[in-house]
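Each chain, written out:
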Amino acid sequence: MVQIQKIILSAVLAVGLLPVSARADLPVYLDRSKPIEERVEDALSRMTLEEKVALCHAQSKFSSAGVRRLGIPEVWLSDGPHGVRAEFNWDNWDYANWTNDACTVFPALTALAATWNPELSALYGKSVGEEARYREKDILLGPGVNISRTPLNGRNFEYMGEDPYLTGEMAVPYIQELQKNGVAACVKHFALNNQEKWRDNVNVKVSDRALYEIYLPAFKRAVQEGKAWSVMGAYNRVWDEHCCHNARLLNDILRGEWGFDGAVVSDWGATHDTKQAALNGLDIEMGSYTDGLATESMYGYDAFYLATPYLEMIKRGEIPESTVDDKARNILRLIFRTAMNTDKPFGSMTTPEHYAAAKQVAVEAIVLLKNNGLLPLDPAKYDNVLVVGENAVRILSDGGGSSELKAKDMFTPLEAIRETYGNGVKFAEGYRTGRPFFGWEEIIPDEILDSLHNEAVELAKKADVVIYIGGLNKNGFQECESTDRREYNLPWNQDKLIEDLVAVNPNLVVANISGNAYAMPWVDKVPAILQSWYLGTMIGPSMADVISGKANPSGKLPFSFPKRLEDNGAHHFGEISYPGIEIPGKGPQQEYLEDIFVGYRWHDTKKIPALFPFGHGLSYTTFKYGKAALSSKEMSDNGTITVTVPVINTGDVDGKETVQLYIQDEKSSLPRPVKELKGFRKIHLAPGQTTEVSFSITPDDLKFFDDSKHEWIAEPGKFKAMIGASSTDIRSTVRFSYK
Ligand code: BGC
């Protein structure tokens, strides 16, 4: 079936390539010289009602129909967002076991955000887009731009941290470069999908201020600046309506306020009602009737809400036909931009360039949290190295849910450390966690865990240095779709293991891997701590380069590490705020009571210091910041002022630093955070080199969302521009006034 369709399509596309003179009788929808809206209307006018409805729902696990009669191709989708997922069977959740679908695993989006380098985000989007193109995908399901509200969220590793500005800055280049391959981004999960617990029906209540200031800006920029061609509706409910057919989110905000002209794709199994889906902005329904998203049902694709039931309601006059015309328009636009784009490149897979890109991102993502001088470990000085921890050998692209990838290669940390420090490097697992499963865990017997623990501690006594590579993984109840973490501490007794290791060997480097913050009761005892992430194919070489000093760490945290869970704003207000409270007959209800005070905005305002703050990250060199200077001390209504700061590398090695700009409104009519990120620049300096970093500040950077007026406003008054190396390490502050 697919084959025949592809042949028809090739013929149709070949016509599209003919010179203009030969195209006199070409239907308008195939004429690429015509504006896209004309082509859409022309195609629509040729379609039957049945053909329009067929566009609006899945025809397999990961595809939806085109219009075969007109040579309009199917839409093929794939997860996303860290690489192109292996192929599935047409009709079920079993992998198809192809032998040519192993991919480059790029670092998780949390890691990308930790680079604070939008150029790397562009490179990432370009590279993953080339892989998606090669695999003939039309939509890549990502990037995820939900905000990390609580460190217990099982999917934070797929998102870009706690700050809407950082997330937006990183999402836009990813989307733009991805789409140059004729592959649509599908920005997910719209919206307020900030936990996995009860994700199918938790009903979120949030103020308009928090919605507009914290949870929507990255989506808005993805749509307006990134020009994303598709958006995925989330599983949860907001104001009592499921997100995939939420009138306010989809009709009023996404299309009405932001002018989105692409297709809204449902999350798999997130559609619940034909009429609402018809009226409230959903275009393509995917994955329904899968009972918890992992098992099969007896229902076919024709039974989807937007399939036969929709057709029949239109025919009976219960839903206007104009609804399906609008959906078909959105989907045709998407198809013209992707599958029917004859300019799209060929794509490529697992190339040396993609591995190099994955490594560049990975190296710049690693965050040096603490260093008393033990790091870097010079390979010439250490020949008796012990590596402890399951994550040193675990294939971390396995598990986690839909972001799971079949890696062509995974160069593990242990392999790379052996390449750097020699084959004499010893290894002890220290703990074991079992295979990754969706929604549950494999339990490892205590005797095994005890013996692994004791073995590691014994070996540590004899080593010159111990490198601990533990953290979290992609198992259920860790960092995996459909479940949240159960606790803020590291699981499997790792805290005790780290304490026992450092007690017998003070030369301990902790280089944990996770996509979330976690408690560190041992923080004061351990001399050097690196935060690594799910770094993909090149995880090992990237970590070894940073540990050995071949690369200088330059990552900065994209979210705060609270000392204790209750220091995080979402957890401060108890169960109603997280995870919500089950109300019989109404399902789980939740209120975001911390409001706009998410992440560092909470720590700053409530004066609860984080263990490691947002934006924090050290280097093997040191950077001295000079005094910031303003181009003017007054900003007028439409004016822009510039703040400039000199930065010098005062250490002995090359290094990169991310200079951050935060703005403080000294007095405002509504409560505001102490400061908010409004700019950042990553710079590269040789020892002794100085550079001037400048930021433009506009009235937009001073605004807050006034929910009573439904408007962004900047109030006249005094503001501070704070230049820092993190959200708490402010190096220079200047004041200016507005109006
Ligand atoms: C996830 C989406 C994913 C989809 C398809 C869902 O369970 O929430 O993020 O894209 O499955 O695999």
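Up top is the structure these notes are about.
The paragraphs below set out a description of the structure included in this document. None of the values given here were measured: they were computed from a predicted structure.

### A look at the nonpolar core
Link 1 in the chain: With 121 residues, the main nonpolar core has Phe190 and Trp268 as its most contacted residues.
Link 2 in the chain: No other element matches the seven residues that helix α12 (residues 321-337) contributes to this core.
Link 3 in the chain: Dropping the residues within four chain positions of it, Phe190 is found in contact with Leu216, Phe219, Val231, Met232, Gly233, Ala234, Cys243, Leu249, Leu250, Leu254 and Trp258.
Link 4 in the chain: Membership of the second largest hydrophobic core comes to 77 residues, among which are Ile469, Val509, Ala519 and Leu565.

### Concerning the site of the ligand
Link 1 in the chain: Residues in contact with the ligand amount to 14 residues; listed here are only the nearest, Asp79, Arg155, His189, Asp267 and Glu481.
Link 2 in the chain: In the model, an oxygen atom of the ligand is placed 2.4 Å from a nitrogen or oxygen of the Asp79 side chain.
Link 3 in the chain: At a separation of 2.7 Å, an oxygen atom of the ligand approaches a polar side-chain atom of Arg155.
Link 4 in the chain: For the shell around the ligand, a count of residues per class yields five nonpolar, two polar and seven charged.

### Structural notes on the layout of surface pockets
Link 1 in the chain: Volume-wise, the second largest pocket comes out at about 890 Å³.
Link 2 in the chain: Tyr165, Pro217, Arg221, Lys678 and Asp700 are, among the 30 residues lining the second largest pocket, the residues nearest its centre.
Link 3 in the chain: Considering every element that reaches the lining of the second largest pocket, the biggest residue donor is strand β24 (residues 676-685), with six residues.
Link 4 in the chain: When its residues are assigned to classes, the lining of the second largest pocket shows twelve nonpolar, five polar and 13 charged.

### Let's talk about the sheet that holds strand β6 (residues 203-205)
Link 1 in the chain: Spatial strand order, β9-β8-β6-β18-β17: five strands in an open sheet with mixed pairing. Each edge of the sheet is formed by a strand with only one pairing partner; in this case those strands are β9 (241-242) and β17 (581-583).
Link 2 in the chain: Direction of pairing for β6 relative to strand β8 (residues 237-238): parallel, over a ladder of two bridges. By the bridge assignment for β8, Val204 is matched with Val238.

### Comments concerning the state of the cysteines
Link 1 in the chain: Per the stated rule, a full pass over the model turns up zero disulfides.
Link 2 in the chain: Take Cys103: it sits in no disulfide, and the sulfur closest to it among the cysteines is that of Cys480, at 17 Å.
Link 3 in the chain: Its relative accessible area of 0% is what places Cys103 among the buried residues.
Link 4 in the chain: With relative accessibility at 1%, the residue Cys480 sits in the buried group.

Definitions and cut-offs
- Residues numbered from 1 in each chain as written.
- Predicted model: local features only at pLDDT ≥ 70, side-chain atom pairs only at ≥ 80, totals over all residues.
- Heavy atoms only, no water.
- Core = buried A, V, L, I, M, F, W, Y, C linked by side-chain atoms within 4.5 Å.
- Buried < 20%, exposed > 50% of the residue type's maximum accessible area, 1.4 Å probe, protein only.
- Helix = DSSP H or I, 4+ residues; strand = E, 2+ residues; numbered from the N terminus.
- Contact = heavy atoms within 4.5 Å.
- Near = heavy atom within 4 Å.
- Polar contact = N/O pair within 3.5 Å; in protein donor to acceptor, adjacent residues only side chain to side chain.
- Nonpolar A, V, L, I, M, F, W, Y, C, P; charged D, E, K, R; others polar.
- 1 Å grid on protein atoms, 1.4 Å probe; cavity = no way out; pocket = protein on both sides within 12 Å on 5 of 7 lines; lining within 4 Å.
- Points joined across faces, edges and corners; volume = space filled by probe spheres on them.
- Pairing = 2+ DSSP bridges.
- Disulfide = S-S within 2.5 Å.

Such coordinate-based values are descriptive only and should not be taken to indicate function.
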